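One-letter residues, chain by chain:
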Amino acid sequence: SQKEGTPIVLMRSFHPRADRKTVEFSSEVRRSFLDEYLEWTAIPWAQPLFRRTVSDGIVRYWQMIAPACLNERPVVVPSAQLVAFIGLLKWRGDDAAAGAARSAVSALAPAACDKSAATLMPVNKTLQLGPHHIQLGQDAGIGERIIYTVSWNPGQVPDLLSVPARLVTESTAPLSAEAVAGRVVVIGASYADSGDLHQTPLGLMPGALIIVNA
């Protein structure tokens, strides 16, 4: 349970699958070795999916929900920022609003694991979060637009602290939590061969920092 501890959010990934019944292609949640250990915990799963503008390949939109199949069951996986929003409501003590937001997300799950889940892009859907009405999908306009405020310039951007993984993995001394105390920590990759570097309106940026901006 995370009731008294640090909130943790884990990331889901997906792969295409051919549905046995309809021969339609849908999205399948990629299983993780953590699944069996986290089944009875409060640790939520999220997804880091984004969309590029077709004309220039720049990431400008984030995907709030991802309908998919998991063990032949239809599910919907919320974005990291949506999970953070719901967690913030709970942290503020507004359990009713947090519960309503979770229910609103769950209601967007496909009816079955067939062609109704054939795309990760919900079309003509609206997600209501309290007073906020957010349009979802390819034609949602500003509803899923990323407003970039943090650029990728380690050491020169206020409030952004970048810690190389080797300082943790290769440390021979006890690690101090002082550097991350009171911070939101996002673990990701920024090396050139990671395959997780993307063009944004602020230039080349690791996927983890796109999540921070979103």
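Our subject is the structure that appears above.
Along every chain, residues carry numbers that run from 1 in the direction the sequence is written. For a predicted model such as this one, the threshold for reporting local features is a pLDDT of at least 70, and the threshold for listing and counting side-chain atom pairs is 80 or more; totals across whole chains, interfaces and linings nevertheless cover every residue. Computation of side-chain values covers all heavy atoms of the structure but excludes hydrogens and water.

> Describe unusual backbone geometry, naming the residues involved and giving the relevant values.
One non-glycine residue, aspartate 159, lies in positive phi territory at about 75 degrees. Under the relative-accessibility criterion, aspartate 159 is labelled exposed at 76%. Under the scheme applied here, a residue whose accessible area is under 20% of the maximum for its type counts as buried, over 50% as exposed, and between as partly exposed, the area being computed with a 1.4 Å probe on protein chains only.

> Summarise the packing of aromatic side chains; cite the residues concerned and give the values.
Centres within 6.5 Å make a pair out of two Phe, Tyr or Trp rings, where for Trp the six-membered ring is used; the pair is then stacked when the planes are under 30 degrees apart, edge-to-face when over 60, and tilted otherwise. For the structure shown, the criterion picks out zero aromatic pairs. For a ring to carry a charge above it, either NZ of a lysine or CZ of an arginine must fall within 6 Å of the ring centroid while also lying within 35 degrees of the normal to the ring plane. The aromatic ring of tryptophan 45 is capped on one face by arginine 12, whose charged end is 3.9 Å from the ring centroid.

> Mind laying out the nonpolar core, listing which residues take part and the relevant values?
What we call a nonpolar core is a set of buried Ala, Val, Leu, Ile, Met, Phe, Trp, Tyr and Cys residues that are connected through their side-chain atoms within 4.5 Å. Core analysis: the largest hydrophobic core is formed by 24 residues, its most contacted members being Met64, Ile65, Leu82, Leu127 and Leu136. Put simply, DSSP H or I for four residues or longer makes a helix, DSSP E for two residues or longer makes a strand, and each gets a number counted from the N terminus. Broken down by element, this core gets its largest block of residues, four residues, from helix H3 (residues 95–106). Not counting chain neighbours up to four residues away, the residues in contact with leucine 127 comprise Met64, Leu82, Ala104, Val105, Leu108, His132, His133, Ile134 and Leu136. Formed by seven residues, the second largest nonpolar core is a distinct cluster that contains Ala68, Leu70, Val75 and Val77. Any two residues whose heavy atoms approach within 4.5 Å at even a single point are treated as in contact.

> Account for the pattern of salt bridges, naming residues and giving values.
Any Lys or Arg side-chain nitrogen located within 4 Å of an Asp or Glu carboxyl oxygen qualifies as a salt bridge. Taken as a whole, this structure holds two salt bridges when the rule is applied. The partner of arginine 60 in a salt bridge is aspartate 56, with the nearest N and O atoms 2.9 Å apart. Measuring nitrogen to oxygen at the nearest pair gives 3.7 Å for the salt bridge that ties aspartate 95 to lysine 90.

> Can you break down a nonpolar patch on the surface residue by residue, with the values?
For patch building, the residue pool is restricted to those with more than 30% relative accessible area and no salt bridge; the joining distance is 9 Å between like charges and 5 Å between nonpolar side chains (Val, Leu, Ile, Met, Phe, Trp, Tyr). For the accessible areas, the method is Shrake-Rupley and the probe is 1.4 Å, while residue cover comes only from the protein chains on display. Residues Leu161, Val163, Leu167, Val168 and Leu175 make up a contiguous nonpolar surface patch of roughly 450 Å² in combined accessible area. Mapping leucine 167 onto the fold places it in helix H4 (residues 166–169). According to the relative accessible area criterion, leucine 167 is partly exposed, its value standing at 47%.

Read these as layout, nothing more, since geometry by itself doesn't imply function.
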